[in-house]
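Chain by chain, the residues run as shown.
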Amino acid sequence: MKQYNIAVVGASGAVGEELFRVLEEMDFPVGNLLPLASAKSAGSTIEFKDKVYKIEELTETVFEDRNIDIAFFSAGGSISAHFAQYAVASGAVVIDNTSHFRMDAKIPLVVPEVNPEDISLWRETGIIANPNCSTIQMVQLLKPLHDLYGIKRVDVSTYQAVSGAGKKGMEELVKQMQAFFNFSLDDAEVKAFTHRIALNVIPHIDTPQENGYTKEEMKMVNETNKIMHSSFAVSATCVRVPVLRSHSESITVTFKEGVDVDVAKAREVLANFENVTVQDDMAKNLYPMPLTSTDTDETYVGRIRKDLFANNILHLWGVADQVRVGAATNAVRIALKWIKLEENV
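Remember, predicted model here, so these are calculated numbers, not experimental data.

Just checking my understanding: could you explain the overall build of the chain for this structure?
For the chain, the helix and strand inventory stands at eight helices and 14 strands. A globule of 345 residues ought to have a C-alpha radius of gyration of about 20 Å, and the chain, at 20 Å, matches this closely. For the chain, the spread of C-alpha atoms along the principal axes amounts to about 65 × 60 × 45 Å. A total of 345 residues make up the chain; the buried ones form 53% of that total. Restricting the contact set of the chain to residue pairs at least 6 apart, pairs at least 24 apart contribute 67%. A total accessible area of about 15,600 Å² is found for the chain, and carbon and sulfur atoms account for 50% of it. Each charge class in the chain can be summarised by its mean position, and for the 34 positive and 46 negative side chains these summaries are 1 Å apart.

I keep staring at the sheet that holds strand 10 (residues 233-240) and nothing clicks. Help me out?
Strands in a sheet are paired, the pairing made by backbone hydrogen bonds, and the direction either parallel or antiparallel. A sheet is described by the order of its strands in space; here six strands give the open sequence 10-9-11-14-13-12, paired in mixed fashion. Edge positions in the sheet fall to strand 10 and strand 12 (276-278), since each of these pairs with one other strand and no more. Ignoring strand direction, the axes of neighbouring strands in this sheet form an average angle of 20°. Two elements, strand 13 (residues 299-306) and strand 14 (residues 313-320), share five bridges in a ladder whose sense is antiparallel. Looking at the pairing, Val-301 lines up with Gly-318 of strand 14. Packing of helix 6 (residues 263-271) onto the sheet brings it into contact with strand 12, strand 13 and strand 14, and relative to strand 13 it is tilted by some 170°.

I tried to follow the packing of aromatic side chains on my own but got confused; where do I start?
Centre-to-centre distance and the angle between the planes together describe a pair of aromatic rings. Taken as a whole and judged by the stated rule, the model has eight aromatic pairs. Each residue in the set Tyr-4, Trp-122 and Trp-338 is aromatic and connected to the rest through ring pairs, giving one cluster.

Got a minute to help me understand the pattern of salt bridges in this structure?
Side chains that differ in sign of charge can pair as their charged atoms come close. Per the counting criterion, the structure on display carries 23 salt bridges. Arg-21 serves as the salt-bridge partner of Glu-25, at 3.9 Å between the closest nitrogen and oxygen. With a gap of four residues between them, Glu-25 and Arg-21 both fall in helix 1 (residues 14-25), about one helical turn apart. Judged by its relative accessible area of 34%, Arg-21 falls in the partly exposed class. Across the pair Arg-123 and Glu-342 runs a salt bridge, and its minimum N-O distance is 3.0 Å. Taken together, the positions of Arg-123 in the loop between strand 7 (93-96) and strand 8 (127-129) and Glu-342 in helix 8 (residues 324-343) put the pair 219 residues apart, joining distant regions of the chain. For Arg-123, a relative accessible area of 44% corresponds to the partly exposed category. Classification of Glu-342 as partly exposed rests on a relative accessible area of 25%. Here the salt bridges share partners, and the residues they tie into one network are Glu-18, Arg-21, Glu-25, Arg-245, Asp-295, Asp-297, Asp-321 and Arg-324.

Looking at this structure, how should I read the side chain of Asp-321?
Turning to its location among the elements, Asp-321 is positioned in the loop between strand 14 and helix 8. For Asp-321, a relative accessible area of 0% corresponds to the buried category. Once residues lying within four places of it in the same chain are set aside, the contact partners of Asp-321 are Arg-245, Ser-246, Ser-293, Thr-294, Asp-295, Thr-296 and Gly-326.

Hey, could you run me through helix 3 (residues 133-149) in this one?
The terminal C-alpha atoms of helix 3, which comprises 17 residues, lie 25 Å apart, in line with the 24 Å expected from a rise of 1.5 Å per residue. At Val-139, helix 3 shows its maximal bend, which comes to roughly 30°. At the N-terminal boundary of helix 3, the capping side chain belongs to Asn-132, with an oxygen 2.9 Å from the backbone nitrogen of Ser-134. Where helix 3 ends, the next residue or the one after it, Gly-150, has phi of about 85°, a positive value.

Sorry if this is basic, but what is going on with the side chain of Thr-252 here?
Tracing the backbone through its elements, the reader meets Thr-252 in strand 11 (residues 247-255). Engagement of the side chain of Thr-252 in a polar contact is seen with the side chain of His-315, the distance being 2.9 Å. Discounting chain neighbours no more than four positions away, the residues touching Thr-252 are Arg-153, Val-154, Asp-155, Ile-313, Leu-314 and His-315.

Hey, could you run me through the packing of helix 1 against helix 8 in this one?
Angle between the axes and distance between the axes are the two parameters that describe a pair of packed helices. It is at 9 Å that the axes of helix 1 and helix 8 come closest, and there the two elements cross at 50°. In terms of orientation, helix 1 and helix 8 fall into the oblique class. Between helix 1 and helix 8 lies a crossing whose hand is right-handed. In this structure, helix 1 uses Val-15, Glu-18, Leu-19, Arg-21, Val-22, Leu-23 and Glu-25 to contact helix 8, whose residues at the interface are Arg-324, Ala-327, Ala-328, Thr-329, Ala-331 and Val-332. For the contact of helix 1 with helix 8, a count of residues per class yields eight nonpolar, one polar and four charged.

What am I meant to see in unusual backbone geometry here?
Only a minority of non-glycine residues have a phi that is not negative, and only a minority of peptide bonds are not trans. In the Ramachandran plot, Lys-49 falls in the positive-phi region, its phi being about 50° despite a non-glycine side chain. Positionally, Lys-49 belongs in the loop between strand 3 (45-48) and strand 4 (51-54). Residue Lys-49 is classed as partly exposed on the basis of its relative accessible area, which comes to 32%. Of note in the backbone geometry, Phe-183 takes a positive phi value of approximately 60° without being a glycine. Take Phe-183: it is sitting in the loop between helix 4 (167-181) and helix 5 (215-228).

About the criteria used
Residues numbered from 1 in each chain as written. Predicted model: local features only at pLDDT ≥ 70, side-chain atom pairs only at ≥ 80, totals over all residues. Heavy atoms only, no water. Helix = DSSP H or I, 4+ residues; strand = E, 2+ residues; numbered from the N terminus. Rg over C-alpha atoms; globule rule 2.2 N^0.38 Å. Buried < 20%, exposed > 50% of the residue type's maximum accessible area, 1.4 Å probe, protein only. Contact = heavy atoms within 4.5 Å. Areas by Shrake-Rupley, 256 points an atom, 1.4 Å probe, with all protein chains shown as cover. Lys, Arg positive; Asp, Glu negative; His and termini not counted. Charge placed at Lys NZ, Arg CZ, Asp CG, Glu CD. Pairing = 2+ DSSP bridges. Axes fitted to C-alpha atoms, helices over the stretch in contact; angles between N-to-C directions. Phe/Tyr/Trp six-rings, centres within 6.5 Å; stacked < 30°, edge-to-face > 60°. Salt bridge = Lys/Arg side-chain N within 4 Å of Asp/Glu carboxyl O. Expected span 1.5 Å × (residues − 1). Bend = angle between axes of the 7 residues up to and from the residue. Polar contact = N/O pair within 3.5 Å; in protein donor to acceptor, adjacent residues only side chain to side chain. Parallel < 35°, antiparallel > 145°, perpendicular 65-115°, else oblique. Left-handed = near helix turned anticlockwise from the far one by under 90°. Nonpolar A, V, L, I, M, F, W, Y, C, P; charged D, E, K, R; others polar.

Following this line, the structure appears as structure tokens:
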């Protein structure tokens, strides 16, 4: 099988580290590997397939003469905005995990299970955007339901893990819980979030917008319709919760007028959808939880039930590991689809 030279920008970050794990677990056909990060992390090492690689500093010229085929970017929007062009100029396709390119009309925004056909649009700019983590797991559940009934509106509340804020978010929760057990929680440092996250929930993720929503909530609104090539209404409330990994979502789906939801049929199409696992048996206490989704590549769905007052409304609960499904795994799945596309040209 042909091998591909890979660069990972943000190699020392949480998503970068997960990318190496996913690439290895999926036996991705990696030829040469180029881990990149800031000058601060340059010189440190990562291990991949029993080999040790030294992290190099990301510069404007680092991609030159390296024959990189695929460059994964996971180091922040400003980094992608500046450096992605140099990777593209060197001949690489960039798969970007930041928000910088997502709503650019010329750049495909891809969840491979939902809109794989959009990957072919990469040639115009050399870039494919990886959606927001919360959006990815939601559209994986919406797609089969939209195909079944036709969606009119989606209302979602998210319960987002601290790892969504990176390593610093996880470290802050752990330190605050340690402070709680040392009876010193009131003195614990609050830095990664707007308030203390231990024993708390914060209905505030990313910057507030003039319309009363946050930037995170508007990402879900705008990205959903771009990915699904749809125009249905979406409203989101995004909440940070004291969980280390895996985002949870309570989703209410309103279908077109005249639809009479069949829960068994909805459950069936979800169960048959790629990379979705139904866990829906209340009698056996079976439903999705961060405890069981973490470190997996599936999006789990349960608590599937028809609304009590309207026949065209369905409620469900979805959970996925947002570091993997919502970032690293989705990026690698994009790369695998891209390879198939290129090899079939």
